[in-house]
Amino acid sequence: MTPRLYIPRDAAAIAVGAEAVTKAIEAETNARGLGIEIVRTGSRGLFWLEPMVEVETRDGRIGYGPVTPGDVPGLLDSGFLDGAAHPLRVGRPEDLPFLSRQTRLTFARCGIVDPLSLDDYRAHGGYRGLQRALSLGPAGTIEEVARSGLRGRGGAGFPTGVKWRTVAEAPAAQKYIVCNADEGDSGTFADRMLMEGDPFAVIEGITIAGLAVGASKGFIYIRSEYPDAIAAFAKAARAAYENDCLGPRIAGSAFGFDLELRVGAGAYVCGEETALLESLEGKRGQVRAKPPLPAHKGLFGQPTVINNLVSLATVPGILADGAETYAALGFGRSRGSMPIQLAGNVKHGGLFEAAFGLTLGEIIDDIGGGTATGRPVRAVQAGGPLGAYFPPALFDTPYDYEAFAARDGLIGHGGLVVFDDQVDMARQARFALEFCAIESCGKCTPCRLGSTRGVEVIDRIIAGKDASANLALIEDLCHTMKFGSLCALGGFTPYPVMSAINNFPEDFGRKAAAAA
Amino acid sequence: MDQHKGLEGPMLPILHALQATFGHLPEAAMRLVAEMLNLTRAEVHGVVSFYHDFRAVPAGRHMLKICRAEACQSMGGEAAARALLDRLGLEWGGTTPDGRLTIEATYCLGLCATAPAAMLDGRVAGRLDPAGLDALEQEAQP
Ligand SMILES: Cc1cc2nc3c(=O)[nH]c(=O)nc-3n(C[C@H](O)[C@H](O)[C@H](O)COP(=O)(O)O)c2cc1C
Ligand code: SF4
Ligand code: FES
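What counts and how
- Residues numbered from 1 in each chain as written.
- Chains lettered and ligands numbered in written order.
- Predicted model: local features only at pLDDT ≥ 70, side-chain atom pairs only at ≥ 80, totals over all residues.
- Heavy atoms only, no water.
- Helix = DSSP H or I, 4+ residues; strand = E, 2+ residues; numbered from the N terminus.
- Contact = heavy atoms within 4.5 Å.
- Buried area = accessible area lost by both parts, 1.4 Å probe.
- Salt bridge = Lys/Arg side-chain N within 4 Å of Asp/Glu carboxyl O.
- Polar contact = N/O pair within 3.5 Å; in protein donor to acceptor, adjacent residues only side chain to side chain.
- Nonpolar A, V, L, I, M, F, W, Y, C, P; charged D, E, K, R; others polar.
- Buried < 20%, exposed > 50% of the residue type's maximum accessible area, 1.4 Å probe, protein only.
- Domains from an automatic or database assignment.
- Near = heavy atom within 4 Å.
- 1 Å grid on protein atoms, 1.4 Å probe; cavity = no way out; pocket = protein on both sides within 12 Å on 5 of 7 lines; lining within 4 Å.
- Sits in = over half its atoms within 2 Å of the grid points.
- Axes fitted to C-alpha atoms, helices over the stretch in contact; angles between N-to-C directions.
- Parallel < 35°, antiparallel > 145°, perpendicular 65-115°, else oblique.
- Left-handed = near helix turned anticlockwise from the far one by under 90°.

Chemist: I'd like to hear about unusual backbone geometry, residue by residue, with values.
Modeler: Glycine aside, negative phi is the norm for most residues, and most peptide bonds take the trans geometry. Put simply, Lys290 of chain A and Pro291 of chain A share a cis peptide bond, and its omega is -5°. Residue placement: Pro291 of chain A occurs in the loop between helix H11 (273-280) and strand S9 (304-308). With an omega of -10°, the peptide bond running from Ala115 of chain B to Pro116 of chain B counts as cis. One can find Pro116 of chain B in the loop between strand S2 (101-106) and strand S3 (118-120). Although it is not a glycine, Cys108 of chain B adopts a positive phi angle of roughly 80°. For Cys108 of chain B, the location among the structural elements is in the loop between S2 and S3.

Chemist: Please set out the interface of chain A and chain B residue by residue, giving values where relevant.
Modeler: Chain A puts 62 residues into the contact, and the matching count from chain B is 37 residues. Together chain A and chain B conceal approximately 3600 Å² of surface at their shared face, both sides included; 57% is due to carbon and sulfur atoms. On the chain A side of the interface with chain B, the three residues burying the most area are Ala265, Arg284 and Phe431 of chain A, jointly 16% of the side's total. Summed over the shared surface of chain A and chain B, the result is 1 salt bridge. The residue Glu8 of chain B makes a salt bridge to Lys217 of chain A at a minimum N-O spacing of 2.6 Å. Taken together, the links from chain A to chain B amount to 28 residue pairs in polar contact (both at pLDDT 80 or more). When residues of the side of chain A that touches chain B are assigned to their parent elements, the largest contribution, 5 residues, is made by helix H16 (residues 425-439) of chain A. A breakdown of the residues in the side of chain A that touches chain B according to their chemical character gives 32 nonpolar, 17 polar and 13 charged.

Chemist: Provide a residue-level description of the pattern of salt bridges, including the pertinent values.
Modeler: A side chain of one charge can pair with a side chain of the opposite charge when the charged atoms of the two come close. Residues and elements named next belong to chain A. Taken as a whole and judged by the stated rule, the model has 46 salt bridges over all chains. Between Glu260 and Lys217 there is a salt bridge whose closest N-O contact spans 2.8 Å. Taken together, the residues span a long stretch of sequence, with Glu260 in strand S8 (residues 258-263) and Lys217 in strand S7 (residues 217-222) at a distance of 43 residues. Residue classification places Glu260 among the buried residues on the basis of a relative accessible area of 18%. Overall, the relative accessible area of 12% leaves Lys217 in the buried class.

Chemist: For the domain arrangement of chain A, give the residues involved together with the corresponding values.
Modeler: Residue and element names in this part refer to chain A. Under the domain assignment, chain A is made up of domain 1 (4-100), domain 2 (118-327), domain 3 (330-420) and domain 4 (425-515). Spacing between the C-alpha centres of domain 3 and domain 4 amounts to 22 Å. Taken together, the contact pairs 14 residues of domain 3 with 15 residues of domain 4. Counting the surface lost from both domain 3 and domain 4, the interface buries some 1200 Å², and carbon and sulfur atoms represent 66% of this. Looking only at domain 3, the three residues that lose the most surface to domain 4 are Arg378, Leu386 and Tyr389, adding up to 55% of its buried area. Our count for the contact surface shared by domain 3 and domain 4 stands at 2 salt bridges. Here Arg378 ties to Glu506 by a salt bridge, and the two come within 3.2 Å at their closest N and O atoms.

Chemist: Break down the site of ligand 2 for me, with residues and values.
Modeler: Residues and elements named next belong to chain A. Within the structure, ligand 2 sits among 13 residues, and Cys441, Lys443, Cys444, Cys447 and Cys487 are positioned closest to it. A molecule is said to occupy a pocket when more than half its atoms come within 2 Å of that pocket's grid points, and by this definition ligand 2 occupies the largest cavity. Per-class residue counts for the shell around ligand 2 are 8 nonpolar, 4 polar and 1 charged.

Chemist: Give me the lowdown on the domain arrangement of chain B, citing residues and values where you can.
Modeler: We note that the domain assignment places domain 1 (2-50) and domain 2 (62-139) within chain B. Between the C-alpha centres of domain 1 of chain B and domain 2 of chain B there is a distance of 29 Å.

Chemist: Can you break down the packing of H16 of chain A against helix H20 (residues 494-503) of chain A residue by residue, with the values?
Modeler: Residue and element names in this part refer to chain A. Relative orientation of the contacting elements H16 and H20 amounts to 165°, with a least axis distance of 8 Å. Relative to H20, the element H16 lies roughly antiparallel. As for how H16 packs across H20, the hand of that crossing is left-handed. Where H16 abuts H20, its residues Met425, Ala429, Ala432 and Leu433 lie against Pro496, Val497 and Ala500. Looking at side-chain class alone, the contact of H16 with H20 contains 7 nonpolar, no polar and no charged residues.

Spelled out as structure tokens, the structure:
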């Protein structure tokens, strides 16, 4: 039998040499007259091991990583095509604690299947969800999503079933589904991994949403910073059209659904749902005042479901395996699983999907293995650029929407960015304000001007000028931004700023003792 | 352009296509879009100026986008970028005098677990220590 190798085509794997490794393996096996088959997959999400090459053996797939082109001759010499021993051999990926401790639902197929093969997708459970939705009908489908307890994974954690019901009940000839793949938060890559590693799950989820609320048209808005994901998703969508998974008669039923891919243009605020709709309509990406909700008046004024990509990709599994199975996992009002993204200065960076409820410390120290540099962890920013900085003293916080909110933090899209003890928290607070100034849509004065003003004030603190008066100014400014902003860009920027000041006072010219 | 005209909300697809063709969006292009979509020139200009991707002036022959967001900061991305900019005598957004290379800031490429990250002409790169970033810059030839 021809040996079969699996190599990720995930952008992060490519960024650390997956293409060069693939070429080296092809060239070297060719030179040795060895026939092999290479399947390009998504990534398993064990990024410290990328590029990771997996070989199919009688004992399952055996991983080797991180592989460089220079390792290839040695790997072949030692018989890695049969899964033989080698210093880079990590064994079966599923047996690594980082994977064996996960509950992979949304990411069950990512890194395993050929993302462009519908046969592979179906062989791994794909399109069972849509079949069930077709037999349940729209109302039954929405009921199922509601009972699963799924909350939006884009940041706000709004119940998906409630959103769908609102759109289903809105009378209109034309309704839309919009998949938010703008993924602008630093420290996040779950949307990207799914587009590159399991795009049919996204397409199936969008289709089910259309069926449930009575929409015949959908858009996916992908940020322009993701050229690999855009290319991968476009190919998958074409394959879906060619196989009646999109188009006028889906899966032989009377239901028709069209999906169009749109590319963003480099604006963080366009991840905000109403700014995204403006952008799709071809306007400046400025946030709309709510009400009206997009569910009532969304894209082109029509009732619109706008959901994060992970929320939508989670739906097929919920329908296939039942709402109860999903709802049985989790903690408090946070049901199901969350794809946590471990990023930044962390030893084991990657995607960790788990039921809610682990503590922040378990995630960072046990699963992440501490910092990549080997220095002590000093801070973790949770939930992207609008999220709070947590010190190790707060590592007992359970990973759950409400527990994070209770500590003035947020889960957001699931990103965790780790910093070691070299970090200067005054610089991080400055960056949060600077980012807000750069990305503000310009509609509210506190966000547009307050952020720029805040940068100047922090610069004075960094320069050692009158720390206490300037800190009082910052606090005031944050208060104004928090209550005078239309959306969370201006409204939540105070979280990273104030958490840095309160949890790391020594970096702002104050004594640590003042922390309490 | 005609290919995009019939779309619902055709503006961004048209602007992307024009910029892909011309490398930037000159005045004449904006006027053309305005005419085609029945908008004023000021309206088109308002859209173009809102988005970081669209540029009114040409960039260098190669485009290096370096991530300046938090995960890349945590792995020393800022210092590596600063050293490169200093070596080339550039500021963020600047172009080398020979028109070879433009360096722009970007905020997250979704490569945050293999940070620091950058993208050269749409090709992604990660784990960029200062030497790695310099090597990437050298790939932008001529
Ligand atoms: C400034 C800002 C940026 C946002 N960026 C994103 C984003 O990139 N992706 C996303 O799914 N949601 C983002 N959101 C949240 C969306 O507004 C919205 O809540 C989400 O798309 C709803 O989908 P969900 O219910 O499935 O989470 C952002 C919100 C704000 C205020
Ligand atoms: S808070 Fe900022 S980004 Fe949000 S609507 Fe106001 S100005 Fe725009
Ligand atoms: S923060 Fe740099 S790639 Fe995400």
